[in-house]
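Read off the chains here:
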Amino acid sequence: MRYWLFKSEPSCFSIKDLANCTGHRNHWDGVRNYQARNMLRDDIKIGDHVFFYHSSCLVPGIVGTMEVVKAGYPDFTAWDPESEHFDPKSTPENPRWYMVDVRLIGQFERPFSLQAIKQNPKLQDMVIVRPGNRLSITPVTKEEWREVTRWCREY
DNA sequence: GCCAACGTTGGC
DNA sequence: GCCAACGTTGGC
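Here goes a summary of the coordinates provided. Model, not experiment: these values are computed from the prediction. (Residues numbered from 1 in each chain as written. Chains lettered and ligands numbered in written order. Predicted model: local features only at pLDDT ≥ 70, side-chain atom pairs only at ≥ 80, totals over all residues. Heavy atoms only, no water.)

1. Comments concerning the overall build of chain A
And step 1. When its secondary structure is counted, chain A shows four helices and six strands.
And step 2. Secondary structure elements of chain A, listed N to C terminal, follow the sequence β-α-β-α-β-β-β-α-β-α.
And step 3. Classification of the 155 residues of chain A by burial places 47% in the buried group.
And step 4. Residue pairs in contact within chain A that sit at least 24 positions apart in sequence constitute 73% of those at least 6 positions apart.
And step 5. With an accessible surface of roughly 8,600 Å², chain A has 48% of that area assigned to carbon and sulfur atoms. (Helix = DSSP H or I, 4+ residues; strand = E, 2+ residues; numbered from the N terminus. Buried < 20%, exposed > 50% of the residue type's maximum accessible area, 1.4 Å probe, protein only. Contact = heavy atoms within 4.5 Å. Areas by Shrake-Rupley, 256 points an atom, 1.4 Å probe, with all protein chains shown as cover.)

Here's what the structure looks like:
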């Protein structure tokens, strides 16, 4: 089993939005970056665990955990002209973008903030804190997963 | 294949 | 809103 971190702007899709989904599950759509696409398509498998990260908000940080319930398949929102993630270059015959389905495991009682990540010596190598990192999907090590979850109570 | 211009991300 | 650090685009 592998570990990941998925970023989302809470104004777009927050952990509460996921909690409100039927079965606490939804597809993770809208990723439009090739490196992240490759991970969604090739590397992220059923049963993998995922941190939910809120970006571009008051307190950026990890807000909970999820589990992958469906491995990579074409992101159909790219085919919908009404979608804000519409991409005319992606077609059902030749899909350009991929997504996975996730299910909420738990929300943290309080966010494990970006500031806390930066201050923790064991988390210095997290991809999320590397300068200039902009990937919305990044791998997390087992040690990093343990270190974060060890501080967080979930509900 | 190079590279300048441009767009996007995301913390601050 | 600023800006650094990327990724993408497209002319050549």
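2. Thoughts on the side chain of Thr65
And step 1. Mapped onto the elements, Thr65 comes out in strand S4 (residues 61-74).
And step 2. Leaving out residues up to four positions away in the same chain, Thr65 has contacts with Val50, Phe51, Arg103, Leu104, Ile105, Gly106, Phe108, Trp145, Thr149 and Glu154.

3. Notes on the environment of Arg103
And step 1. Of note, Arg103 is situated in strand S5 (residues 98-113).
And step 2. We classify Arg103 as partly exposed; its relative accessible area is 31%.
And step 3. In this structure the side chain of Arg103 is engaged in a polar contact, spanning 2.5 Å, whose partner is the side chain of Glu67. (Polar contact = N/O pair within 3.5 Å; in protein donor to acceptor, adjacent residues only side chain to side chain.)

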